Protein chains: 2
Amino acid sequence: MRITIAGAGAMGSRFGLMLHRGGNEVTLVDGWLEHVTAIKEHGLQANFNGEEITAHLSVELQSNISSEEKTDLIILFTKAMQLDKMLQDIKPLIAEHTKVLCLLNGIGHEDIIEKYVSKNNIFIGNTMWTAGLEGPGKAKLFGNGSVELQNFIPGEEETAKKLADILSASGLNANYSDNIHYSIYRKACVNGTMNGLCTILDTNMAGLGATKPAHDMVVTIVKEFAAVAKHEDVNLDIDEVVEHVETCFDPETIGLHYPSMYQDLINNNRLTEIDYINGAVSRKGKKYQIATPYCDFLTQLVHSKEELLKAK
Amino acid sequence: MRITIAGAGAMGSRFGLMLHRGGNEVTLVDGWLEHVTAIKEHGLQANFNGEEITAHLSVELQSNISSEEKTDLIILFTKAMQLDKMLQDIKPLIAEHTKVLCLLNGIGHEDIIEKYVSKNNIFIGNTMWTAGLEGPGKAKLFGNGSVELQNFIPGEEETAKKLADILSASGLNANYSDNIHYSIYRKACVNGTMNGLCTILDTNMAGLGATKPAHDMVVTIVKEFAAVAKHEDVNLDIDEVVEHVETCFDPETIGLHYPSMYQDLINNNRLTEIDYINGAVSRKGKKYQIATPYCDFLTQLVHSKEELLKAK
């Protein structure tokens, strides 16, 4: 199967590598020149669960898509704010039969994808895999994970199940979900609390969790996500989600980790995905006339911090 | 007149010094041992508008009030969270005729003062003077300022005017106000925006003001203050107050200054007065059933930051 990974950062590299090893014809597409050049010259190098491997994958710079050969499946793995540009750039690869699977963090990406792809070809997913990049062309891929996915509009359940099978055949442990929006909102609650709060308070998740106000802040933010989700017929179990979110505080497991937004903004002075997490809840709240003041304020604070740090 | 300055930090030192030079019998009371000892041994030293002066004032450690001599006027100048303890400690100095003038930053101190002083003896004020401490026993006092004050309960207008005259006789430029709560809320709006936001975003006021979300954050917070004030029959002019607050952004005037809360928490790892600014609005909001989510969230963030920095 011809598969295009649109956005070949850490996670895109993992999926590309595993699907390539599973026998698919994979092309990575990315906007980072050094990364693309390194893969072209030396292949994608990875420490894959302790084993050093090199995979000679096809790779293209997204601003320079030369191929007109249509692809069968596009897996979207860009940063949220790069999604629209990516879809513009890879338009030549999209045929009438091309399926598009969105595995981005955050919520509300469908609005953008719909501009480029017919709804019956859109599939939405959520992944629990992790991945890291050590430099251009070098990935670090440890541990296990899973994928859940679902068709965007009714009637495409069988195709969704087939896509899950294709991913699973390469070890990606994918399952069809009949309620992907629940999983996406539940995961967004983790990002919507840990990311912004740790970034603004300059701490890791255990540090945040050890402060007295943390619990009330988490509860209030999760309630705002739940109120907006409910308007989309997704009924989050608030207590369960809060408990799930707060497992991140545990210093014995992942608590000492700094969330991705912290790494982006504080360590690397890069713009954040806040508009696709808390900011998306704010926009939806406005649309549905639901007050989301904590999401509004957190989004504003993170944007101010981006400006103060001259993030790009 | 026998005047006790309860809380002889920078501003208390200014008032004590000026009232002493104006011919009053002033005693400073404070909890900082090194400061009290320095003043006892060398007098209060000050650079007073460029002139180096030394004033031999009476001074006492608040935990060790030895005098049983009653005082005529107490001017309260503690940090907000130290007010209750101060009033407990200086109880021996309070007679039936003793007037108490509260010039603390923030709102809602009356609830505490009422526990120790009969309402007819309570006066509330607001000062635009500035002051700095360079070390124990050493003040730096530049520029001009003013004081507004009012009786806490009706019927004491004449006494309030007399108190203003006493302060003015020593150059403190005090005036009777018939709407002190307006001035206090207006000033609290400055502290309720600049203090918390600059502290959490780690920037000075010009830095904050240069970011796009700053204006909307200021407006939302001022509206919460105004909603609570309205419930107390104080009708803030929101546009005027926002404009007043935003003069702080000007780098040509005070914009490059870091607000006092920033200095307390970020520079000196000291606990902040947030509970008497945004936190007071939150508490009042809860009591009046008015939503104050920005004040709630900002208070929580500052408290988390206090814990993370192990502030004392």
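Analysis parameters
- Residues numbered from 1 in each chain as written.
- Chains lettered and ligands numbered in written order.
- Predicted model: local features only at pLDDT ≥ 70, side-chain atom pairs only at ≥ 80, totals over all residues.
- Heavy atoms only, no water.
- UniProt positions renumbered as here; feature names shortened; annotations may be inferred.
- Least-squares fit on C-alpha atoms with pLDDT ≥ 70 in both.
- Contact = heavy atoms within 4.5 Å.
- Domains from an automatic or database assignment.
- Salt bridge = Lys/Arg side-chain N within 4 Å of Asp/Glu carboxyl O.
- Helix = DSSP H or I, 4+ residues; strand = E, 2+ residues; numbered from the N terminus.
- Buried < 20%, exposed > 50% of the residue type's maximum accessible area, 1.4 Å probe, protein only.
- Pairing = 2+ DSSP bridges.
- Right-handed = clockwise from strand over helix to strand, strands pointing away.

- Looking at an unreviewed UniProt entry, chain A carries the name 2-dehydropantoate 2-reductase, with the source organism given as Lactococcus lactis subsp. cremoris.
- Of the comments in the UniProt record for chain A, the one headed Catalytic activity (unreviewed entry) reads "(R)-pantoate + NADP(+) = 2-dehydropantoate + NADPH + H(+)".
- The Sequence similarities (unreviewed entry) comment attached to chain A in UniProt states, word for word, "Belongs to the ketopantoate reductase family."

## Remarks on the relation of the copies chain A and chain B
Here's step 1: Laying chain A over chain B is done by rotating through 180 degrees and shifting 0.0 Å along the axis; what remains is an RMSD of 0.0 Å. A rotation of that kind, with that shift, is consistent with a two-fold axis. The C-alpha atom lying nearest the rotation axis in chain A is that of P293(A); the distance is 3.1 Å.
Here's step 2: Looking at the interface residues of chain A, 100% of them are also at the interface in chain B, so both copies use one shared face.

## Quick look at the domain arrangement of chain A
All names here are of chain A.
Here's step 1: Each domain of chain A was delimited in the assignment, giving domain 1 (2–178) and domain 2 (181–308).
Here's step 2: On a C-alpha basis, the centres of domain 1 and domain 2 stand 25 Å from each other.
Here's step 3: Contacts between the two partners involve 14 residues from domain 1 and, on the opposite side, 17 residues from domain 2.
Here's step 4: Counting every contact that joins domain 1 to domain 2 gives one salt bridge.

## Looking at the UniProt feature "domain: Ketopantoate reductase C-terminal" (unreviewed entry) in chain A
Here's step 1: Look at the UniProt record and you will see "domain: Ketopantoate reductase C-terminal" (unreviewed entry) annotated at residues 179–306 of chain A.
Here's step 2: Taken end to end, residues 179–306 of chain A comprises 67% helix and 0% strand; its first and last C-alpha atoms sit 34 Å apart.

## A short note on the pairing of strand β1 (residues 2–6) of chain A
Residue and element names in this part refer to chain A.
Here's step 1: Most of β1 sits inside the fold, with four of its five residues counted as buried.
Here's step 2: Bridge analysis of β1 against strand β2 (residues 25–30) gives five bridges, and the strand direction is parallel. Note on β2: the bridge partner recorded for I3 is V26.
Here's step 3: Where the polypeptide runs from β1 across helix α1 (residues 10–21) and back to β2, its parallel neighbour, the crossover connection is right-handed.

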